[in-house]
Amino acid sequence: MSTQTVLILAGAAVLAAVLSAFARKRRSRAQGRIRAAPLTEDERVRRGLSRTHAFFQQALDRLSGSEGGRFYDDVEEALLAADVGVEFSEQVVEELRGEWGLRVPARAELKSALARILQSRLPGEKPFEPSHKPEVVLILGVNGAGKTTTIAKLCSRFRARGLKVLVGAADTFRAAATEQLKTWVERVGAEGVFQAEGSDPSAVAFDAVKAAVSRGSNLCLLDTAGRLHTKSNLMEELKKMKRVLAKALPGAPHETWLVLDGTMGQNALNQAREFHQFLDLTGLIVTKLDGSAKGGAVFAIASSLKLPVIFIGVGEDPEDLVPFHAASFTDGILAGI
Ligand SMILES: Nc1nc2c(ncn2[C@@H]2O[C@H](COP(=O)(O)OP(=O)(O)O)[C@@H](O)[C@H]2O)c(=O)[nH]1
Ligand SMILES: [Mg+2]
């Protein structure tokens, strides 16, 4: 074959590849238009939990063939694999054993019993509805847990309902994050109190609450840092912030939520314990469940701390922060298994 022929053939192959990629893109855009109907919250939860779901499915698939006493050991192992934690798995298996003795249930029976027990062991649901004016919500969590993103999503949610929302950027450690939040706050038509990098976080929080009171906001969301400029203890600093907030508005903060990174699974438990011990949390938000196969950890964390999960983060869109419902969460993990 001459060099010229080789060059022509190579050129044709490149052209064909480019054209086919272009056609693929057009096809997927057309499909995107067809799929444009917005997802319901349950659908978002199900989509977000697909990795955890697949993990549970694999774990339960490994059960086949086991008998009698071994069956329960295998169920316990399956639950552990899905990161629901040692204590929690033991409790669930005890309950199953109490119901069935040595009998090995059919898969459908096992699934519905698991769904029932998992749900019953979660603390009661606590749907969030601002009931003070302003309702002051303090958002805590380690760096990278998803606090700022969650606040942006909460802003969207409550602005969409027409509520007046004010954000206090009391994470004065990361200027870039504050800028990001500022843009978001402007985009959704909320208000914000932003101070220069390095300001005293408690002073920013105080000013934000005062501003929310004087402007008649319905909701005041306070973003905080997960670490500090100085070596001073984060817990002490946050405790101080809570005291300062109560001075700005008696009864504030009305809610103190800890944001946990869902990809950490069980490892988030100790962190959550420490925050709860020092700061009297009133609820949890678990983010990034879409990037995690460890969604089962939500059961272990919520039940061992006896704290309600208020919202879960199941994706990057503003609508991907969804109020937590035990039934839809359990369904997202176990449906179709
Ligand atoms: N996929 C996914 N990513 C998230 C979710 N929540 C937060 N993130 C990402 O987590 C990273 C850290 O979030 P950020 O809000 O800055 O954390 P902060 O340090 O606690 O304020 C960012 O890249 C976010 O986009 C979620 O529910 N799903
Ligand atoms: Mg942040």
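Small disclaimer: the values here were computed from a predicted structure and weren't measured.

Section: the site of ligand 1
So, point 1. If you check the shell around ligand 1, you find 20 residues, and the closest are Gly 146, Lys 147, Thr 148, Thr 149 and Gly 313.
So, point 2. With three residues, the single largest contributor to the shell around ligand 1 is helix 7 (residues 147-160).

Here we look at the pairing of strand 1 (residues 135-140)
So, point 1. Of all six residues in strand 1, six are buried, a share of seventy percent or more.
So, point 2. The side-chain alternation of strand 1 yields two buried faces, one formed by Glu 135, Val 137 and Ile 139 and the other by Val 136, Leu 138 and Leu 140.
So, point 3. Bridge count for strand 1 against strand 4 (residues 219-224) is five bridges, and the pairing is parallel. What sits directly across from Leu 138, in strand 4, is Leu 222.
So, point 4. One ladder, built from four bridges, connects strand 1 with strand 5 (residues 255-261); its direction is parallel. Along strand 5, the bridge assignment pairs Leu 140 with Leu 258.

Some words on the sheet that holds strand 2 (residues 165-170)
So, point 1. Spatially, 3-2-4-1-5-6-7-8 is the arrangement adopted by the eight strands of the open sheet, whose pairing is mixed. Unpaired on one side and paired on the other, strand 3 (191-193) and strand 8 (321-323) mark the two borders of the sheet. Neighbour to neighbour, the strand axes of the sheet diverge by 25 degrees on average, direction disregarded.
So, point 2. Across three bridges, the pairing between strand 6 (residues 283-287) and strand 7 (residues 309-313) is parallel. Note that in strand 7 the partner of Leu 284 across the bridge is Val 309.
So, point 3. Across the sheet, helix 8 (residues 175-187) touches strand 2, strand 3 and strand 4, and the angle it forms with strand 2 is around 175 degrees.

Criteria and thresholds
Residues numbered from 1 in each chain as written. Chains lettered and ligands numbered in written order. Predicted model: local features only at pLDDT ≥ 70, side-chain atom pairs only at ≥ 80, totals over all residues. Near = placed C-beta within 6 Å. Helix = DSSP H or I, 4+ residues; strand = E, 2+ residues; numbered from the N terminus. Buried ≥ 20, exposed ≤ 12 C-beta atoms within 10 Å, placed from the backbone. Pairing = 2+ DSSP bridges. Axes fitted to C-alpha atoms, helices over the stretch in contact; angles between N-to-C directions. Contact = placed C-beta atoms within 7 Å.

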